[in-house]
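Inside the fold
Listed below, chain by chain, are the residues.
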Amino acid sequence: MFYRVPAIIFFLFATGLIAQDQNELSLMIQEADDFTEQGEMQKAIEKYHQALSLLKNQNDQKVIADTTNKLGIAYRELGKFDEASKALNGALKIHDEIGDKSGSASDINALAYLDSLTGKYDEGILLAKKALIIHQSLQNKKGIMNSFNSVARCYWRKSEYEKAAEYANRSLTIATEINDKLGIAQNLNVLGAINWEQG
């Protein structure tokens, strides 16, 4: 005899699988974030790739874009600049498509930071200032801080120390205000390098 399984059973089963996938995905991304904070970029990259493979079965474009952004930053910190550029531009495309201005600004600023490492200083300044305008419109203090820092880095690499110090100090003021320890350290590093190079 054939028995029909109630639709609610299928619904609950499917919901359980989705919840399980979501938990696994969240833990995977958190683990990758932890690796990034610890400076273990290769392990972070592997975990972000695993997370993105799981995300192919879902339609959460924001999480895909945010994770791709993190992947790009990990590649950048590892010195794999081509892979970083590809990932960050991919994240930017998705953030633009879904209208996530904050996400787009984060991608643009990450690309500006990348330019500061690859000798494209003028392009980096333009990108960082573009991101800055978006972050200011959103009143995103952390984003503003990061954009000021990227501008400072590009000017520093160009040996335009006065402008570099101006933007680094503006970034440092915000970092201190919001108690962003990484932001404080990054700006102090830039200011220290400027002072050292100027003698």
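Look above for the structure.
Cut-offs used in this document
- Residues numbered from 1 in each chain as written.
- Predicted model: local features only at pLDDT ≥ 70, side-chain atom pairs only at ≥ 80, totals over all residues.
- Heavy atoms only, no water.
- Helix = DSSP H or I, 4+ residues; strand = E, 2+ residues; numbered from the N terminus.
- Buried < 20%, exposed > 50% of the residue type's maximum accessible area, 1.4 Å probe, protein only.
- Contact = heavy atoms within 4.5 Å.
- Areas by Shrake-Rupley, 256 points an atom, 1.4 Å probe, with all protein chains shown as cover.
- Axes fitted to C-alpha atoms, helices over the stretch in contact; angles between N-to-C directions.
- Parallel < 35°, antiparallel > 145°, perpendicular 65-115°, else oblique.
- Left-handed = near helix turned anticlockwise from the far one by under 90°.
- Expected span 1.5 Å × (residues − 1).
- Phe/Tyr/Trp six-rings, centres within 6.5 Å; stacked < 30°, edge-to-face > 60°.
- Lys NZ or Arg CZ within 6 Å of the ring centre and 35° of its normal.
- Core = buried A, V, L, I, M, F, W, Y, C linked by side-chain atoms within 4.5 Å.

1. Focus: the overall build of the protein
Looking only at helices and strands, the protein features nine helices and zero strands. Along the protein, from the amino end to the carboxyl end, the secondary structure elements read α-α-α-α-α-α-α-α-α. Residues classed as buried in the protein amount to 40% of the 199 residues present. Sequence separation of at least 24 residues holds for 52% of the intrachain contacts in the protein that already meet a minimum separation of 6. Total accessible area computed for the protein in this model is approximately 11,600 Å², and 55% of it derives from carbon and sulfur atoms.

2. Side note on the packing of helix 7 (residues 141-157) against helix 9 (residues 181-198)
Relative to each other, helix 7 and helix 9 sit at 20°, their axes nearing to 11 Å. Viewed along their axes, helix 7 and helix 9 adopt a mutual orientation that is roughly parallel. When you trace helix 7 past helix 9, the crossing you get is left-handed. Counted together, M145, N149, A152, R153 and W156 of helix 7 and G183, Q186, N187, V190, A193, I194 and E197 of helix 9 form the full contact between these two elements.

3. Focus: helix 5 (residues 101-117)
Taking 1.5 Å of rise per residue, the 17 residues of helix 5 would be expected to cover 24 Å, and the 25 Å separating its terminal C-alpha atoms lies within 8% of that figure. Among the 17 residues that make up helix 5, 13 are buried, leaving the element largely enclosed by the rest of the structure. G119 sits one or two residues past helix 5 and shows a positive phi near 85°.

4. A closer look at the packing of aromatic side chains
Within the structure shown, the criterion is met by two aromatic pairs. With a centroid separation of 5.9 Å and an interplanar angle of 25°, the aromatic rings of Y155 and Y167 are classed as stacked. Here the residue Y155 occupies a position in helix 7, and Y167 occupies one in helix 8 (residues 161-177), the gap between them amounting to twelve residues. Grouping residues by exposure puts Y155 and Y167 together as buried. Following the ring pairs from residue to residue traces out a cluster consisting of F148, Y155 and Y167. Its end group placed over the ring of Y113, R76 keeps NZ or CZ at 4.1 Å from the ring centre. For R157, the ring lying beneath its charged end belongs to W156, and the centroid distance is 4.3 Å.

5. Some words on the nonpolar core
Considering soluble globular proteins, one finds that nonpolar side chains tend to be buried as a cluster. Membership of the largest hydrophobic core comes to 29 residues, with the highest contact counts inside it found for Y48 and L71. Looking at this core, the elements with two or more residues in it are helix 1 (7-37), helix 2 (41-55), helix 3 (61-78), helix 4 (81-97), helix 5 and helix 6 (121-137). Top element by residues in this core is helix 2. It accounts for seven residues. Aside from chain neighbours lying at most four places away, what touches L71 is I45, Y48, H49, L52 and A87. Of all hydrophobic cores here, the second largest spans 23 residues; its members include V151, Y161, V190 and I194.

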